[in-house]
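Each chain, written out:
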Amino acid sequence: MTQDKLLDGKAVANRIKNQLKERVEALKINGVTPSLATILVGDDPSSETYVRMKGNACERIGILSKKIHLPEDTTTETLLETIEELNHDLSVHGILLQHPVPPQIDERLAFETIAIEKDVDGVTSEGYGQTALGFGTYPSCTPAAIMKIMEDYDINPEGKHAVVVGRSPILGKPVGALLLNQNATVTTCHSRTIDLASHVKHADIVVAAVGKPEFIKGEWIKEGAVVLDAGYNKGNIGDVEYEGAKEKASLITPVPGGVGPVTIAMLLKHTVVSAEKSIVQ
Ligand code: NAP
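Residues numbered from 1 in each chain as written. Predicted model: local features only at pLDDT ≥ 70, side-chain atom pairs only at ≥ 80, totals over all residues. Heavy atoms only, no water.

Attention now moves to the nonpolar core. Here is a general trend for soluble globular proteins: nonpolar side chains tend to be buried in one another's company. Judged by nonpolar contacts, the single largest core of 46 residues is most densely connected at I146, L179 and L228. Going through the elements one at a time, α1 (9-29), α2 (45-60), α6 (141-152), β4 (161-165), α7 (172-181), β6 (205-208), β7 (226-229) and α10 (259-280) are the ones with two or more residues in this core. Top contributing element to this core by residue count: α10, with 9 residues. Residue-level mapping places this core at the junction of two domains, with at least three residues from each of domain 1 (31-117) and domain 2 (141-260). (Core = buried A, V, L, I, M, F, W, Y, C linked by side-chain atoms within 4.5 Å. Buried < 20%, exposed > 50% of the residue type's maximum accessible area, 1.4 Å probe, protein only. Helix = DSSP H or I, 4+ residues; strand = E, 2+ residues; numbered from the N terminus. Domains from an automatic or database assignment.)

The next point concerns the site of the ligand. Residues in contact with the ligand amount to 20 residues; listed here are only the nearest, R167, S168, S191, A230 and Y232. S168 is positioned such that a nitrogen or oxygen atom in its side chain is 2.5 Å from an oxygen atom of the ligand. A distance of 3.2 Å separates a nitrogen atom of the ligand from a polar atom in the side chain of K212. When the ligand sits alone it has 930 Å² of accessible area, and the protein chains cover 70% of it. Split by residue class, the shell around the ligand holds 7 nonpolar, 10 polar and 3 charged. (Near = heavy atom within 4 Å. Polar contact = N/O pair within 3.5 Å; in protein donor to acceptor, adjacent residues only side chain to side chain. Areas by Shrake-Rupley, 256 points an atom, 1.4 Å probe, with all protein chains shown as cover. Nonpolar A, V, L, I, M, F, W, Y, C, P; charged D, E, K, R; others polar.)

The volume enclosed by the second largest pocket comes to roughly 350 Å³. Around the second largest pocket sit 19 residues that line it, and A144, M147, K148, E151 and Q182 are the ones nearest its centre. Looking at the lining of the second largest pocket, the elements that each hand over two or more residues are α6, α7 and α10. Counting residues per element, the lining of the second largest pocket draws most heavily on α6, at 5 residues. Here the residues of the lining of the second largest pocket are counted per class, giving 10 nonpolar, 5 polar and 4 charged. (1 Å grid on protein atoms, 1.4 Å probe; cavity = no way out; pocket = protein on both sides within 12 Å on 5 of 7 lines; lining within 4 Å. Points joined across faces, edges and corners; volume = space filled by probe spheres on them.)

The next subject is the environment of S91. Here S91 is to be found in the loop between α3 (76-88) and β3 (94-97). Classification of S91 by relative accessible area gives partly exposed; the value is 43%. The spatial distance from the C-alpha of S91 to the C-alpha of S274 is 11 Å, given a sequence separation of 183 residues. Leave out the neighbours within four places in its chain, and S91 touches T33 and S35. At 2.7 Å, the side chain of S91 and the side chain of D89 are in polar contact. (Contact = heavy atoms within 4.5 Å.)

This next bit is on the pairing of strand β1 (residues 35-41). Among the 7 residues in β1, 7 count as buried, and that is most of the element. Of the two faces of β1, both are covered, the one formed by S35, A37, I39 and V41 as well as the one formed by L36, T38 and L40. Summarising the sheet, β1 and strand β2 (residues 64-70) pair through 7 bridges and their orientation is parallel. In the strand pairing of β2, V41 is matched with L70. (Pairing = 2+ DSSP bridges.)

Quick look at the packing of α6 against α10 now. Two elements in contact, α6 and α10, have axes whose closest approach is 8 Å; the angle formed by their N-to-C orientations is 110°. It follows that α6 is roughly perpendicular to α10 by the angle criterion. The segment α6 lies against α10, with C141, T142, A144, A145, I146, K148 and I149 engaging V259, V262, T263, M266, L267 and H270. Taken together, the residues of the contact of α6 with α10 sort by class into 9 nonpolar, 3 polar and 1 charged. (Axes fitted to C-alpha atoms, helices over the stretch in contact; angles between N-to-C directions. Parallel < 35°, antiparallel > 145°, perpendicular 65-115°, else oblique.)

With the rule as written, the count across this model stands at 9 salt bridges. Close ionic contact of K66 with D89 constitutes a salt bridge, the shortest N to O distance being 3.6 Å. Remark: D89 occurs in the loop between α3 and β3 and K66 occurs in strand β2; sequence separation between them is 23 residues. A salt bridge links E112 to R108; the shortest N-O distance between them is 2.7 Å. On the criterion of helical spacing, the pair formed by E112 and R108 is a turn pair, its members being 4 residues apart in helix α4 (residues 107-113). Through salt bridges that share partners, R15, K148, E151 and D152 make up one connected network. (Salt bridge = Lys/Arg side-chain N within 4 Å of Asp/Glu carboxyl O.)

Looking now at the sheet that holds β2. Strands in a sheet are paired, the pairing made by backbone hydrogen bonds, and the direction either parallel or antiparallel. As summarised here, the arrangement of the 3 strands in space is β2-β1-β3, forming an open sheet in which the pairing is parallel. Taken across any chain shown, the strands that pair with only one partner, and hence form the sheet edges, are β2 and β3. For this sheet the average axis-to-axis angle between neighbouring strands, irrespective of direction, equals 20°. Sheet topology note: the β1/β3 ladder contains 4 bridges and is parallel. Among the inter-strand pairings, I39 is bridged to a residue of β3, identified as L97.

Another point: the sheet that holds β7. Spatial strand order, β5-β4-β6-β7-β8: 5 strands in an open sheet with parallel pairing. Each end of this open sheet is capped by a strand with a single partner; those strands are β5 (185-189) and β8 (251-252). Taken together, the 2 bridges between β7 and β8 define a ladder with parallel strand orientation. Counterpart to V227 in the pairing with β8 is I252.

Keep in mind these values describe shape, not function.
The structure is reproduced here in structure tokens:
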């Protein structure tokens, strides 16, 4: 594949992070150190890795990373208390609850407890509603990353047929809303969709958010389509059959190095924006 087909998420992420470094410095001059609190409940190794990666990314650009690790048997009540404390902690600008949480916890209730002004990961229903209506401050980070990649590569969704495969609250649904807000014609597919291939075959833009390795086949991709693969499965494999898809696509995100790094960069950006707003308020 020629390199000019590649949507290089690492490069997009590096540009964002370099700009953020300057904003973090400016905040520090004003006596504010941006801070992201991450809450990990239990010992799931993948979740531990994700939280560590996010913490390290924060520290590399000068954002303080406050890591809270709660035991596997944490109750919903204890988790809500922890979130409430962080809501009231003026030194914390963003709160990220790593999911999934253990099954005894009411995850939706925990998400809803995060104060909207600290919901930098875009998990509350209020944040989702604002995103859908077009005035959200912190859209979910992966949908925001997908839109940012398109913006950086001058891909205008207006009038295009976008097919989103997946409808999760943090990914499929909000990315569909963001695409619609930019005047794409959006089809959202899910596990009950009949004849998924026929939908994907008509897409100018394909967003893969399924969570199944190489589930979207290269032969389904329309000639010249743009493919954004948010999937991240064991063994660094995306949701799109990359080798086949890259032959048909005009532009495609690799896995790794596509949507993933930009997702983290968007989380950092939202945290910095929240810290900046704390000065203005
Ligand atoms: P999720 O909550 O499990 O949602 C998966 C979606 O795929 C659901 O809407 C489901 O439909 C749909 N689906 C499942 N089987 C299907 C099938 N046979 N045909 C069509 N649709 C089907 O997953 P998620 O949290 O949205 O994550 C999706 C992927 O993105 C995962 O690989 C995850 O690791 C990755 N991810 C990446 C990042 C990043 O930073 N790059 C961040 C978050 C997630 P139903 O609603 O009908 O069940």
